Amino acid sequence: MKFLLAVGGWMMGCGLLVAQTPTSTRWHLPLDSAAWNVRLASDSAGVMVPSVQPMASWNLPAALQPQFSAFEGIAVVGEARQIFGDFRANSTAIGLGTSGTFLQRGSYHVAASRWRIPLGFPLAREVADHGSIDGLGNAVLLNESVASVDRLEGALSWSLSPSVSMRVGQESHHWGRGARSLFLDRHMAPALGARLWVDAGIVQYAQALIRTRHVQADTVETGWLAAQWTEVALGRGWSGALFGAVKWRGNDAAFQGRIEPHYLIPMAAFRPREYSLGSADNALLGAQLSHQGRWQRGQRVTAYGQVLLDELLVSKLLERNGWWGNKWGVLMGMSSLSRTGKFGWLIEGAAVRPWTYTHNTLPLSYSHLHQPLGHPGGANFVEGRARIRAVVREVYTVRLSYLHRTQGRSVGGGESLLSYAAGEMPWTSFSERDGEEGHALGQGVRSRVSRLELDVSMPLGARYGVGGVEAFVRAWTRLEDQDAPGAWQEPWNAGRLEIGIRQARVMDERDW
């Protein structure tokens, strides 16, 4: 018997039939093509599109449903690109992925890739100090300007009933309707964990347990995150959600590698349990309100807002004295997708107070692999962003995005050598704060970052018989200025043109 391996259009003799399949549909960015299919998804009552991603398998629309095949073939994932601009280099990523379903209730997917990325400042410093890079995965320096990065994603799902599903694996998460989220943001590096999903019609509930890793020099510390989300359809396109999370140390004086059982009870408030344990852990609360509707020409429009409370004392808030413990964040945005799915736009703004997401020790910080679990900006910032996506001549996909962020930076000779901590880094201990009062949004050395990106892609799958592969040209520039010298990180300006081929979801707003 003759078997064929089809990879990138070449045919080679091999002992296995392999098929290239798309992988981008596992993630549903607000303006990407997969979002057009996701708008058909709903809960069991048919009234609400899920806010939690990756989604459960049973309520996916028909185009995204598992095909009840135990093995759907091996997909080649990755990219190859040539970089021009502030430096010239080539970058590659290569890996394999597969997926399948079994016993009418189970499904799985896995993708492993290794990236070879040329780095500029300050990403090389992050790899050297923390063994990770910008939410992509675990990294090591091959030389002073090139890193090798390993990214492993995969999950096994099992439906206990048509309305209850369990999921275990290593993956990123996004809880919310926007490009960014204050709760769990898709920018996070893949993390080992488990999730429960309950669909009760107009009510959806998700609970996740996630293990976080924190690397400093030769030391690796483990933390645990328990998070829960309850979303309710309010009628006429409105939905409201409540969020809760607790972060705790995996190791302390009495326990090693513990999983705190108090936080594993579904549908029970985290904050009272955190207090009953002596308030030793980092607890966060939040809420989301969103509305989905249509305009006269059939455009689907989504408006959303989020608020996050790390700590808050109303009495201190009324005193207006800048008490450090009033830690909060807000996010608002709106996105629209045309009736045909060929054109969409998004605008979004966010502000996060200093010291939000922080705690007294690194494993209690709301972070993983030296990146925030929530908003990738960290804290102590105000930002706005805009995105446009258009399909031209049924062939080309054009993405244009702009970001402007004003952030207060800590002062010192390096990240670990701070003379004044401004509270912008979630992994910086709040015990380093300068006093109890006088903490203002934007404190420290004020930095302004503007980032403009244009991405044009053309699918190659139909022409060569491989799904999800596209040729692309990506141009971006990052400009930064600071009010005064002395910030631990100097301004970083870069401008690059990238040309290549990729088979993966777009890693948006990554500066590499």
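Residues numbered from 1 in each chain as written. Predicted model: local features only at pLDDT ≥ 70, side-chain atom pairs only at ≥ 80, totals over all residues. Heavy atoms only, no water.

## Describing unusual backbone geometry
Logical step 1: Cis rather than trans, the peptide bond between Gln-53 and Pro-54 has omega equal to -5 degrees.
Logical step 2: Within the element layout of this structure, Pro-54 appears in the loop between β3 (52–53) and β4 (74–85).
Logical step 3: Phi is positive for Asp-134, which is not a glycine, with a value near 50 degrees.
Logical step 4: Positive phi values are uncommon outside glycine, yet Asn-380 reaches one of about 60 degrees.
Logical step 5: For Asn-380, the location among the structural elements is in the loop between β21 (371–372) and β22 (381–392). (Helix = DSSP H or I, 4+ residues; strand = E, 2+ residues; numbered from the N terminus.)

## Concerning the side chain of Gln-292
Logical step 1: In this structure, Gln-292 sits in strand β16 (residues 282–294).
Logical step 2: A polar side-chain atom of Gln-292 sits 3.5 Å from a polar atom in the side chain of Thr-302.
Logical step 3: When neighbours within four sequence positions are excluded, Gln-292 is seen to be in contact with Val-49, Arg-177, Gly-237, Arg-300, Val-301 and Thr-302. (Polar contact = N/O pair within 3.5 Å; in protein donor to acceptor, adjacent residues only side chain to side chain. Contact = heavy atoms within 4.5 Å.)

## A few points about helix α2 (residues 123–130)
Logical step 1: All of the buried residues along α2 are Leu-123, Ala-124, Glu-126, Val-127 and His-130. Seen along its axis, α2 keeps its buried residues to an arc of 165 degrees; they face one direction.
Logical step 2: Looking at the packing, one finds that the buried side of α2 touches β7 (132–133), β8 (137–143), β9 (146–161), β13 (203–216) and β21. (Buried < 20%, exposed > 50% of the residue type's maximum accessible area, 1.4 Å probe, protein only. Arc of directions from axis to C-beta.)

## Re the environment of Glu-319
Logical step 1: By the secondary structure assignment, Glu-319 is in helix α4 (residues 314–319).
Logical step 2: Of note is the side chain of Glu-319, whose polar atom sits 2.9 Å from the side chain of Asn-321.

## Side note on the nonpolar core
Logical step 1: One finds Trp-175, Leu-184, Trp-229, Phe-243 and Tyr-366 to be the most contacted residues of the largest nonpolar core, which totals 37 residues.
Logical step 2: Of all the secondary-structure elements, those providing two or more residues to this core are β12 (191–199), β13, β14 (219–235), β15 (238–249), β17 (300–311) and β19 (343–352).
Logical step 3: Setting aside anything within four residues of it in sequence, one finds Trp-229 in contact with Ser-51, Val-52, Trp-175, Gly-176, Phe-183, Gln-204, Tyr-205, Ala-206, Ala-241, Leu-242, Phe-243 and Gln-288.
Logical step 4: Core analysis: the second largest hydrophobic core is formed by 14 residues, Trp-115, Val-149, Met-507 and Trp-512 among them. (Core = buried A, V, L, I, M, F, W, Y, C linked by side-chain atoms within 4.5 Å.)

## Remarks on the pairing of strand β10 (residues 164–171)
Logical step 1: Only one face of β10 is buried: it carries Ser-165, Arg-167, Gly-169 and Glu-171, and the other face, with Val-164, Met-166, Val-168 and Gln-170, is open.
Logical step 2: Bridging between β9 and β10 involves seven bridges; their strand directions are antiparallel. Pairing of Ala-155 across the sheet is with Gly-169, part of β10.
Logical step 3: Counted along the chain from β9 to the antiparallel partner β10, the turn is two residues long.
Logical step 4: Relative to β12, β10 is paired through eight bridges, and the arrangement is antiparallel. Residue Ser-165 lies in a different strand from β12, and its bridge partner there is Trp-197. (Pairing = 2+ DSSP bridges.)

## A short note on the pattern of salt bridges
Logical step 1: In the structure shown here, the tally under the stated rule is 35 salt bridges.
Logical step 2: Across the salt bridge formed by Arg-510 and Asp-508, the nearest N and O atoms sit 3.9 Å from each other.
Logical step 3: Assessed through its relative accessible area of 8%, Asp-508 is described here as buried.
Logical step 4: Ionic contacts of the salt-bridge type, sharing partners, join the residues Glu-79, Arg-81, Arg-409, Arg-451, Glu-453, Arg-474, Arg-478, Glu-480, Glu-498 and Asp-511 into one network. (Salt bridge = Lys/Arg side-chain N within 4 Å of Asp/Glu carboxyl O.)

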